[in-house]
Amino acid sequence: MDLNAVRTFVAVADSGRFQEAAAGLSITQQAVSKRVAALERDLGVRLFTRTARGALLTVDGQAFLPHARDLLRAEERAVASVRPGRRALRVDVIGRRLAPAGLLRDFHRAHPGTGLDVVTLFDAEAAVDAVRSGTVDASFRAVTHSARRLPDGIEATRVLDEPVQLVTGPAHALAAARAVTPAQLAGYRIWMPGIVPGTEWAAYYADLAAAFGLTIEATGPDFGTAPLLDTIADSAELATFVGEGTRLVWAAGDDLRRIAVRDPTPVYPHSLVWRADNPHPALTALRGYLASARQPGQGDAGTWTPTWAR
């Protein structure tokens, strides 16, 4: 149904005259007549009777009027739902317990009136596709290739260098250490069943292992964080890596240890990815907030990132 014709019908019904409706709509009286006639043909009924006193609604016109008003209100709601600033900003944070989710929570505390729709997509390829298609407004990702290879119109900027920590159980040989170097970890078994080939975190940890001669195992099914931590807690041989900003919850008896890795400090390079032509004002606010809060990771003797992140 032509909503312009519906809008014209309502204007005539409210004013009672085709000429006054034309003036209110800034169109000609002839255009008003054509729109009303086209609507009557679509509906198969007469909506007005013309008299010396103006345009009077027929019985069918009276029946249609409240529904016509509902159609116009629905149109207004539909337009408002996607108007920049009216809908929530949709952001992918990879995982709700990871550092990007913490960044987004901090942003919301600083901008409590901003509507946010938080989602968790799988890998960087899926996230970039979602940004490009407009399914999400922005995504926090480790970008494993240069900006020149991002799709046209997609931009990315580093927003957080997150230090990597070692997690061990109380019986592990490194459990009492306050900090370790990457070189000290050579020969130890680091178990990360959540590594999926082809993902950005797989690329990161493969480069980390190669740079320092580490043994990172991704064997066995990934049952999630809680079973992983239970296994680490009971093992004298296995350890795992987590980001410093990752929120971990474990059983009271597990007595897990989070140990800093330094000299150099491996940092995971989180970037914000967005479409350059996205006009959402909350996206502009988020980018500004992240730029002002940006604090690159600083280890005792510098930091390490893969070559693709430099």
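Details of the structure are given in the entry above.
Keep in mind that what you see is a predicted model, and the values were worked out from it rather than measured. (Residues numbered from 1 in each chain as written. Predicted model: local features only at pLDDT ≥ 70, side-chain atom pairs only at ≥ 80, totals over all residues. Heavy atoms only, no water.)

So, the overall build of the chain
Next up, step 1: Looking only at helices and strands, the chain features 9 helices and 13 strands.
Next up, step 2: Here the C-alpha radius of gyration of the chain, 30 Å, is well above what a compact globule of 310 residues would show, namely 19 Å.
Next up, step 3: For the chain, the spread of C-alpha atoms along the principal axes amounts to about 100 × 40 × 35 Å.
Next up, step 4: Burial statistics for the chain: of 310 residues in total, 43% are counted as buried.
Next up, step 5: Carbon and sulfur atoms make up 51% of the accessible area of the chain, which amounts to about 15900 Å² in all.
Next up, step 6: If you average the places of the 34 positive and of the 33 negative side-chain charges in the chain, the two averages end up 9 Å apart. (Helix = DSSP H or I, 4+ residues; strand = E, 2+ residues; numbered from the N terminus. Rg over C-alpha atoms; globule rule 2.2 N^0.38 Å. Buried < 20%, exposed > 50% of the residue type's maximum accessible area, 1.4 Å probe, protein only. Areas by Shrake-Rupley, 256 points an atom, 1.4 Å probe, with all protein chains shown as cover. Lys, Arg positive; Asp, Glu negative; His and termini not counted. Charge placed at Lys NZ, Arg CZ, Asp CG, Glu CD.)

As for helix α8 (residues 225-234)
Next up, step 1: Every buried residue of α8 is listed here: L228, L229, I232 and A233. When α8 is viewed along its axis, its buried side chains cluster within an angular range of 135° and face the same direction.
Next up, step 2: The elements touched by buried residues of α8 are β6 (154-168), β8 (189-191) and β10 (238-243). (Arc of directions from axis to C-beta. Contact = heavy atoms within 4.5 Å.)

So, the packing of helix α1 (residues 3-15) against helix α3 (residues 29-43)
Next up, step 1: At a closest axis distance of 9 Å, the pairing of α1 and α3 adopts a crossing angle of 110°. What the angle tells us is that α1 and α3 run roughly perpendicular. In terms of crossing hand, the pair formed by α1 and α3 is left-handed. Contact residues: α1 offers N4, A5, V6, T8, F9 and V12, while α3 offers V32, R35, V36 and L39.
Next up, step 2: Split by residue class, the contact of α1 with α3 holds 7 nonpolar, 2 polar and 1 charged. (Axes fitted to C-alpha atoms, helices over the stretch in contact; angles between N-to-C directions. Parallel < 35°, antiparallel > 145°, perpendicular 65-115°, else oblique. Left-handed = near helix turned anticlockwise from the far one by under 90°. Nonpolar A, V, L, I, M, F, W, Y, C, P; charged D, E, K, R; others polar.)

Considering the environment of R97
Next up, step 1: Inspection of the secondary structure assignment puts R97 in the loop between β3 (89-92) and α5 (99-110).
Next up, step 2: Expressed as a C-alpha distance, the spacing of R97 and T246, which sit 149 residues apart in the sequence, is 5.7 Å.
Next up, step 3: Apart from the residues lying within four places of it in its own chain, the contact partners of R97 are G245, T246, R247 and V249.

Points about the pairing of strand β1 (residues 48-51)
Across a regular strand the side chains alternate sides, sitting on one face of the sheet and then on the other.
Next up, step 1: Where β1 lies against strand β2 (residues 54-57), 4 bridges are found, and the strand directions are antiparallel. Opposite T51, over in β2, you have G54 as the bridge partner.
Next up, step 2: Between the end of β1 and the start of β2, which pair antiparallel, lie 2 residues. (Pairing = 2+ DSSP bridges.)

Focus on the packing of α1 against helix α2 (residues 18-25)
For any two helices packed against each other, one specifies the inter-axial angle together with the distance between the axes.
Next up, step 1: Interhelical geometry of α1 versus α2 gives an angle of 125° and a closest axis separation of 8 Å. Classified by the angle between their axes, α1 and α2 sit oblique to one another. The two elements α1 and α2 cross, and the hand of that crossing is right-handed. Only F18, E20, A21 and L25 of α2 make contact with α1, whose side of the interface consists of R7, T8, A11, V12 and S15.

Looking at the side chain of E162
Next up, step 1: Mapped onto the elements, E162 comes out in strand β6.
Next up, step 2: One buried charged residue, E162, remains without a salt bridge, the closest side chain of opposite sign being R258 at 6.4 Å.
Next up, step 3: At a separation of 2.7 Å, a polar atom in the side chain of E162 contacts the main-chain amide nitrogen of G245. (Salt bridge = Lys/Arg side-chain N within 4 Å of Asp/Glu carboxyl O. Polar contact = N/O pair within 3.5 Å; in protein donor to acceptor, adjacent residues only side chain to side chain.)

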